[in-house]
Amino acid sequence: MVSTKIAFSLLGLLLLSASCYAQDDEVVADNIEIDLGASREGSRTDAEVVKREEEAIKLDGLNVAQVKELREKSEKFAFQAEVNRMMKLIINSLYRNKEIFLRELISNASDAIDKIRLMALTDKDALAATSEQTIRIKADKENNVLHITDTGIGMTKNDLVTNLGTIAKSGTADFLSKMQNPESTGQDAGDLIGQFGVGFYSAFLVADRVVVTSKNNDDKQYIWESDANSFSIAEDPRGDTLKRGTQISLYLKEEARDFLEVDTIRNLVHKYSQFINFNIYLWTSKTEEVEEPIDDETEPVTEKKTEEEEDAKVEEETEEKKPKTRKVEKTTWDWELLNNAKPIWTRKPSEVEENEYDEFYKAITKDTQGPLGHIHFVAEGEVTFKSLLYIPKTQPTESFNKYGTRTDNIKLYVRRVFITDDFQDIMPNYLNFIRGVVDSDDLPLNVSRETLQQHKLIKVIRKKLIRKTLDMIKKLDKAEQEKFWGEYSTNIKLGVIDDSANRSRLAKLLQFRSSANKGFITFSDYVERMKEKQESIYFIAGSSLDEVEKSPFVERLVKKGYEVLYLTEAVDEYCISALPEFEGKKFQNVAKEGVELDEGEGAKAKLEALKTQFEPLTKWLTETALKEHILRAEVGQRLLKTPCALITSKFGWTGNMQRIIASQTHSKTQDVQRDYYLTQKKTLEINPRHPLIKELLRRVEADPEDRVSKGMAMMMFQTATLRSGYMLQDPSQFAEHIDAMLKQSLGVGDAEIEEEEEIENVPEGENAEEEADQDNDEDEDKSSKDEL
């Protein structure tokens, strides 16, 4: 009790002393004389205070009184705890690019206009407030506010609370648990794609505060305001200013002020929303030169003209006197239409003109040339989508330097809104030159609508796009086919190698030169011209057309009337190797073993007789002369003018393939497999009708140990290596053999190389004395001559 009384006593003393100090202050204040005119604060009037407050308090065009009324009448709401967590996810984790906010808000505006348009079909009064169906964007740089206004269906007060105040109300907790604990659910967060609409809240990526003013036909105009922590709703004190629709005002963060620039907004609309059905306008300015009349009062005073000058200009005075003007720069503000291009892929192909296809191609690709071809189709089935694909006339020169990397040539749209062009598997690498759009409502997108989910539907879309692209290429006319093959032949050949599912379709597009035609032919053309009993499609690969035409492997085939395909590009042999057959006909490389010409029983019997006749030579070459260099020697039927050639095995490398492999820069230094194929022994096929072979047989039968015969055999092997397209393992030995042959031909086979004389180096001093003595001798001779 005593302590309590003491406490109350101390409290009373403190209050008493405080009141005394206050009285003292008031007395002192009355006695101080202040010069009110010396201070700006002291001389401020009530009107200036109100003006200052009006400048300090501004909210989306409301004056101070309206703001006060708004604050007093507004109802306060708090986001649910789950929603607060969701907002943090959206702002910090869900979106990769901040620029997405504009796409989302424009998409919402388009949906709102679509709704009122559909309502107007059954309710004639739906568009009574205003028939306008537009989206307008205005940037207020002074206040750092971006306004997006639409004339859509608008929202009632209840809609503002329900739609903007609740995020994924039917499954927020479940969504968050899946996003934060994907392991517990057995699926990745990407599996939740398409279940939630959170586009509006992307506005908080760039804005600290968002104000939504909305007017619905069934309610008054309300203002929704939020800072991402809580939101408030109040009736708009200005009344019905929108007539109908919604205006979203974003108070941008400092780091997002770039979105107030006209060029930035224009580029984003062109990128994401240029195919929205409704007109999108941007408030922008332009400076132009205009002519203004000059007042007579401002004209300079000129001196009086003489009578002669006046008489000389009598005719000019009779003409009408034009008012004098001057050019001045004038800045005008107006609404600029941003989405001129129309989504022609949404129309029926029969309703679109050819020039519309060309103009649309130029709009999406920025290519000044028109396309080589196009295809416009609607795919239905497991997934429904519309697509418009183009073949450009030319392919960029650096395209194969980027082969295998992601391309942005196919653009994905969902209801005409751009989603992404960052595709991994939507088109194969060999068709990376195809340009176009894919628009579908069934595509599996993630929540942010920025990326495409890995899904079985993607495989379905990919399959249909490839089929349609190949159909488009197949339907090109002859002239267009030639242009296409000149630009994209390598792409199709790579497709044969990579795409096993469409290999047979791609094979029908392949074209090569042949021994029977100067131009390009297809496999179908070749098969139609095949000989009656021909079972294989013959081809040969080389680095140039001249090389393959002169190859020893095609000599007899061409003479007998067999057509041989000429493969002259580096990828050609790989391409054919990936094809097992075409229409039941297998491919046969004439530089490999397996070439058999069906020339009747008589020809077979003759060949067997030749093999028996030349058996001593083939055995000698295999076991003695070329034992270390060849696998075996045999009599063949493909050579005509060449004495011999090297034939590789069915799965070995030809000379052309060896050159390609050896020239690879990104190859392993010591590759066992590569080295095996490079050093693999070949079969030496001899021509029994050639005089060199006949002479070599005679010499071997006479003396198997003949030194000249062994040298001739080695020389023939080396020349066969070069003729067959292979590289010599020992070029210096070949050069020595050539030198020996040249010496023998010139009759200096036994002559020895002359030894080089060694010149002794004489000291410089001795050289100088010798030169001086020589000069003296010359002078004496001269003087003697003079005396005579």
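Calculation rules
- Residues numbered from 1 in each chain as written.
- Predicted model: local features only at pLDDT ≥ 70, side-chain atom pairs only at ≥ 80, totals over all residues.
- Heavy atoms only, no water.
- Buried < 20%, exposed > 50% of the residue type's maximum accessible area, 1.4 Å probe, protein only.
- Helix = DSSP H or I, 4+ residues; strand = E, 2+ residues; numbered from the N terminus.
- Pairing = 2+ DSSP bridges.
- Salt bridge = Lys/Arg side-chain N within 4 Å of Asp/Glu carboxyl O.
- Contact = heavy atoms within 4.5 Å.
- 1 Å grid on protein atoms, 1.4 Å probe; cavity = no way out; pocket = protein on both sides within 12 Å on 5 of 7 lines; lining within 4 Å.
- Points joined across faces, edges and corners; volume = space filled by probe spheres on them.
- Nonpolar A, V, L, I, M, F, W, Y, C, P; charged D, E, K, R; others polar.
- Axes fitted to C-alpha atoms, helices over the stretch in contact; angles between N-to-C directions.
- Left-handed = near helix turned anticlockwise from the far one by under 90°.

Caption draft 1: How the structure looks around the pairing of strand β7 (residues 245-252). Burial within β7 is extensive, with eight of its eight residues counted as buried. Pairing analysis gives six bridges linking strand β3 (residues 145-150) to β7, with the strands arranged antiparallel. In the strand pairing of β7, Asp150 is matched with Thr246. Pairing between strand β4 (residues 207-215) and β7: eight bridges, direction antiparallel. Paired with Ala207 across the two strands is Leu252, which belongs to β7.

Caption draft 2: Spatial organisation of the sheet that holds strand β20 (residues 585-589). Taken in spatial order, the six strands of this open sheet run β16-β15-β18-β17-β20-β19, and their pairing is mixed. Looking at the sheet topology across the chains shown, the edges are occupied by β16 (517-522) and β19 (581-582). Across four bridges, strand β17 (residues 536-541) lies against strand β18 (residues 564-567) in parallel orientation. Each residue of the ladder has a partner; that of Ala541, found in β18, is Leu567.

Caption draft 3: Representation of the pattern of salt bridges in the model. In the structure shown here, the tally under the stated rule is 24 salt bridges. For Glu261, the salt bridge goes to Lys141, with nearest N and O atoms at 3.2 Å. Taken as a pair, Glu261 in the loop between β7 and α9 (262-272) and Lys141 in the loop between β2 (134-140) and β3 lie far apart in primary sequence, 120 residues in all. According to the relative accessible area criterion, Lys141 is partly exposed, its value standing at 47%. One salt bridge connects Glu356 with Arg347, and the closest N-O pair in it is separated by 3.0 Å. Through salt bridges with shared partners, a single network forms among Glu695, Arg698, Arg699 and Asp706.

Caption draft 4: Examining the environment of Trp335 more closely. Summarising the element assignment, Trp335 is placed in strand β9 (residues 325-337). Spatially, the C-alpha atoms of Trp335 and Tyr281 are 5.6 Å apart, while their sequence positions differ by 54 residues. Those residues in contact with Trp335, other than ones at most four positions away along the chain, are Arg136, Ile137, Lys138, Tyr281, Leu282 and Trp283.

Caption draft 5: Structural view of empty space enclosed by the protein. Within the structure shown, the criterion is met by three cavities of 30 Å³ or more. Around the largest cavity, the lining residues are Leu70, Arg71, Ser74, Lys76, Ile223, Glu225, Ser232, Ile233 and Ala234. Sorting elements by how many residues they give to the lining of the largest cavity places strand β6 (residues 230-235) first, with three residues. The residue makeup of the lining of the largest cavity, split by class, is four nonpolar, two polar and three charged. Its boundaries defined by the atoms lining it, the second largest cavity holds a volume of some 40 Å³.

Caption draft 6: Spotlight on the packing of helix α5 (residues 100-120) against α9. Between α5 and α9, the least distance of the axes is 10 Å, while the angle of their chain directions is 65 degrees. As for how α5 packs across α9, the hand of that crossing is right-handed. The segment α5 lies against α9, with Ile100, Leu102, Arg103 and Ile106 engaging Ile265, Leu268, Val269 and Tyr272. Of the residues assigned to the contact of α5 with α9, the class counts are seven nonpolar, no polar and one charged.

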